[in-house]
Amino acid sequence: MISVEEALKRVLDYVEVLEPERRSILDCLGQVLAEDVCSTIDIPPLDNSAMDGYALRAKDTRGANESSPRYLVVVGEVAAGSMPTKKVGPGTAIRIMTGAPLPEGADSVVRFEDTDEVSRKSSGGDLSQIGILCQAKKGLNVRCRGEDIARGDLILKAGKVLRPQEIGVLASLGCSNALVIRRPVVAILATGDELIGVDEPLTPGKIHDSNTYTIAAEVSRYGGIPKILGIGRDSVQSLTEKIDEGLDADMLITSGGVSKGDYDMVKDVLAEHGEVGFWTVCMKPGKPLAFGVMKKVEGRRKGKVPHLGLPGNPVSAMITFEQFARPAILKMMGKKILAKPAIRAIIEDDVVNTDGRRLFARVIVTRRGGQYHASPTGPQGSGILTSMAKANGLAVIPESSRGVKAGDMVDVQMLDWGEEQGEVKTVPIVSIVGKSRSGKTVLMEQLIAEFKRRGYKVAALKHSRGGMEIDHPGKDSWRYAQAGSDAVLISSPYKLAFIKSLDHDLDIEEILPLFGPEFDLALVEGFKKSKIPKIEVHRKGLGDDLLCSPEELSVIVTDGSLDIDIPQLPWGDTVAIADFIEKNYVLKSQDSGSLPPRRKRVR
Ligand code: AMP
Ligand code: MG
């Protein structure tokens, strides 16, 4: 018996990323871009109006307000899609619609609501003039040429998974097609003498084939193209014929026929025409599982087709598909994130794990009171497909565990969440550690200033063993806490502090998510026992020994030199230290085919 991880590794080692092809952008949703896309145009192509209003010169509105309008002569009108034919000169304005190019001479747009147009119209007044009721600043309501996309900019990086918004960006660049990694064709074969098609009436002893449909839907969900081979009978000849039809696919998935029964022929066919990969995986459901390669028939395209032989029981087929076929399809499509997003949830019922295999229990996950709860769906037989229909998650009980009790925490794979969702943008973190008085806070200050200079949004965290400066006896916020409030917020102009009473000392993993995803880097002082990347400040005046063991450290910042084999940077060289952090943590965390980091161009 092999572990789930080992089985997955063997499957993934065998399948390869497919070749790129050029497709209409309408067909590319969910596919991986195989080329960098740069813009050959500016978007917007011209300065244009963000509002319906009047294009004018800001200086002509100086001092304007409701009681003393500035009157301008209206010299023309321009609608979206046409070009202005007149210029705006001193004392004049051009009526302009949203999206219309800004006429020459104008530097701002005052919206209709800030003019007397409506009252003028209703009183039948003179429309060759307009009263401006507010003072405009240069640039008011003007969208500048190239403000979204500038000609020559790298807009989408190869590796990006195309979502609707990227498809729209491609369209706005004028690209009707894109080079993307091809979708795999996955041939699907159900096996068993008891199976009949969905359209056929049931006769004694028969059941409808459901696996074909579950698997085809799964293949489509993950971006592949299902090729349905139908039902193979439990004979070597029938299976061989059917399998032959599937050998021009990129992958073959069969269901049934892989256990130890007399009629479980798939493994025999596999043994005869292919190479057998493995048979049993330490999981439940889904222990009998075959993976191998089918040799392609002579005369057809050369090579071998990876074959995944799923168990026949409908639940086992789905769960093994999720664990092995899904990641294989995603890998073939060029995706990098293959794991299903998992969450930690409180299990609401006991689940026993009897035979030392990894148990995938079907659960309904709900979120209540800021916490996920997982409730088992009821009978867990591997033939009970409605247990999958009820479930939105699979609670994973490790092989080493005899089970969980209601109230325990479990890991749950979220069946309906996209893989990318698992990669919630995590803020890269680096901790500065060192002996007392080594200058950690000074280095924190220098790095914060340096990263701000580079245009990053920085969060900083300090562990203050001796309590908090703002949480002192006598302060109003302290008195609220004394009176029993569980949380206190203190707000002052432009600042907010949040103090919460806790029943345990928080790990850094629990604290950091509070920063939220908008930061590019979190710098932490202390927390030397945590597993986050650490930089130790070493000062020769404090001795040659280090606070942390070298294998825990990414780099040492020192005013001396240490005879150990890890990178050292000179104390005081903030630029080099920041370069190290930027290269190894900040840029790496942003390197997943997304747009280049938000770093400003430092002039
Ligand atoms: P097997 O792995 O072939 O021994 O099948 C195990 C169980 O799954 C049997 O009860 C089969 O009837 C059932 N089964 C196999 N294939 C399918 C299918 N395509 N659709 C629904 N049930 C199936
Ligand atoms: Mg069978």
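An account of the accompanying structure is given in this report. (Residues numbered from 1 in each chain as written. Chains lettered and ligands numbered in written order. Predicted model: local features only at pLDDT ≥ 70, side-chain atom pairs only at ≥ 80, totals over all residues. Heavy atoms only, no water.)

**What about helix α10 (residues 440-453)?**
- Look at α10: 20 Å from first C-alpha to last across 14 residues, which is about the 20 Å you get at 1.5 Å a residue.
- Within α10 the residues assigned to the buried category are Lys440, Leu443, Met444, Leu447, Glu450 and Phe451. Buried residues along α10 cover an arc of 135° about the axis, so they all sit on one side. Exposed residues lying more than 90 degrees from the buried face of α10 are Glu445 and Arg453. (Helix = DSSP H or I, 4+ residues; strand = E, 2+ residues; numbered from the N terminus. Expected span 1.5 Å × (residues − 1). Buried < 20%, exposed > 50% of the residue type's maximum accessible area, 1.4 Å probe, protein only. Arc of directions from axis to C-beta.)

**Re the site of ligand 1**
- If you check the shell around ligand 1, you find 17 residues, and the closest are Glu194, Asp209, Ser210, Gly257 and Gly312.
- Glu194 places a polar side-chain atom, nitrogen or oxygen, 2.6 Å from an oxygen atom of ligand 1.
- Backbone polar atom of Gly312 to an oxygen atom of ligand 1: 3.0 Å apart, as the coordinates give it.
- Considering ligand 1 on its own, with 490 Å² of exposed area, one finds that the protein chains cover 78% of that surface.
- Only β12 (185-191) and β14 (207-208) provide two or more residues apiece to the shell around ligand 1.
- A per-class count over the shell around ligand 1 returns four nonpolar, 10 polar and three charged. (Near = heavy atom within 4 Å. Polar contact = N/O pair within 3.5 Å; in protein donor to acceptor, adjacent residues only side chain to side chain. Areas by Shrake-Rupley, 256 points an atom, 1.4 Å probe, with all protein chains shown as cover. Nonpolar A, V, L, I, M, F, W, Y, C, P; charged D, E, K, R; others polar.)

**So, the nonpolar core**
- Of all hydrophobic cores here, the largest spans 42 residues; its most connected members are Ile253, Val281, Leu308, Leu310, Phe321 and Phe324.
- Among the secondary structure elements, those contributing two or more residues to this core are α1 (4-14), β12, α4 (211-221), β16 (251-255), β19 (288-295), β20 (304-310), α7 (314-332) and β25 (393-397).
- If one sorts the elements of this core by residue count, α7 sits on top with 11 residues.
- Beyond its immediate sequence surroundings of up to four residues, Leu308 is in contact with Val11, Met251, Leu252, Ile253, Thr254, Ala290, Phe291, Phe324 and Ala325. (Core = buried A, V, L, I, M, F, W, Y, C linked by side-chain atoms within 4.5 Å. Contact = heavy atoms within 4.5 Å.)

**Re the pattern of salt bridges**
- For the structure on display, the rule yields 35 salt bridges.
- Across the salt bridge formed by Arg182 and Glu19, the nearest N and O atoms sit 2.8 Å from each other. Pair noted here: Arg182 is in the loop between β11 (177-181) and β12 and Glu19 is in the loop between α1 and β1 (20-24), with a separation of 163 residues, a long-range link.
- For the salt bridge of Lys462 with Glu525, the shortest nitrogen-to-oxygen distance reads 3.4 Å. Within this pair, whereas Lys462 is found in strand β29 (residues 458-462), its partner Glu525 is found in strand β32 (residues 521-525), the two being separated by 63 residues in sequence.
- You can call Lys462 exposed: its relative accessible area is 53%. (Salt bridge = Lys/Arg side-chain N within 4 Å of Asp/Glu carboxyl O.)

**Some details on the packing of α4 against α7**
- Running from N to C, α4 and α7 cross one another at 25°; their axes reach a closest spacing of 10 Å. Compared by their axis directions, α4 and α7 come out roughly parallel. Of the two elements, α4 crosses α7, and the hand of that crossing is right-handed. Residues Asn211, Thr214, Ile215, Glu218 and Val219 of α4 form the contact with α7, whose own contacting residues are Pro314, Ala317, Met318, Phe321, Glu322 and Ile329.
- Here the contact of α4 with α7 is built from residues that sort into seven nonpolar, two polar and two charged. (Axes fitted to C-alpha atoms, helices over the stretch in contact; angles between N-to-C directions. Parallel < 35°, antiparallel > 145°, perpendicular 65-115°, else oblique. Left-handed = near helix turned anticlockwise from the far one by under 90°.)

**With respect to the packing of aromatic side chains**
- This model, assessed by the stated rule, comprises five aromatic pairs.
- Ring geometry for Phe580 versus Tyr585: centroids 6.5 Å apart, planes at 65°, classification edge-to-face. You'll find Phe580 and Tyr585 in the same group, each marked buried.
- It is Lys457 that lies over the ring of Phe519; its NZ or CZ is 5.5 Å from the centre.
- Above the ring of Trp571, the side-chain terminus of Arg539 is found at 4.1 Å from the ring centroid. (Phe/Tyr/Trp six-rings, centres within 6.5 Å; stacked < 30°, edge-to-face > 60°. Lys NZ or Arg CZ within 6 Å of the ring centre and 35° of its normal.)

**Some words on the sheet that holds strand β7 (residues 108-111)**
- With mixed pairing, five strands are arranged side by side in an open sheet as β7-β4-β6-β5-β8. In this open sheet, the two strands that pair with only one neighbour each are β7 and β8 (129-132). The average angle at which neighbouring strand axes cross in this sheet is 40°, direction not considered.
- Direction of pairing for strand β4 (residues 53-56) relative to β7: antiparallel, over a ladder of four bridges. Directly across from Tyr54, in β7, lies its bridge partner Val110. (Pairing = 2+ DSSP bridges.)

**Comments concerning the state of the cysteines**
- Tallied over the full model, the rule gives zero disulfides.
- No disulfide involves Cys38; its sulfur sits 10 Å from the nearest other cysteine sulfur, which is in Cys175.
- Residue classification places Cys38 among the partly exposed positions, given a relative accessible area of 44%. (Disulfide = S-S within 2.5 Å.)

**Describing the packing of α1 against α7**
- The interhelical angle for the contact between α1 and α7, taken along N-to-C directions, is 35°, at an axis separation of 10 Å. Seen along the crossing, α1 lies across α7 with a hand that is right-handed. Contacts between α1 and α7 involve Val4, Ala7, Leu8, Val11 and Leu12 from the first element and Gln323, Phe324, Pro327, Ala328 and Lys331 from the second.
- Residue composition of the contact of α1 with α7, grouped by class: eight nonpolar, one polar and one charged.

Structural measurements only, silent on function.
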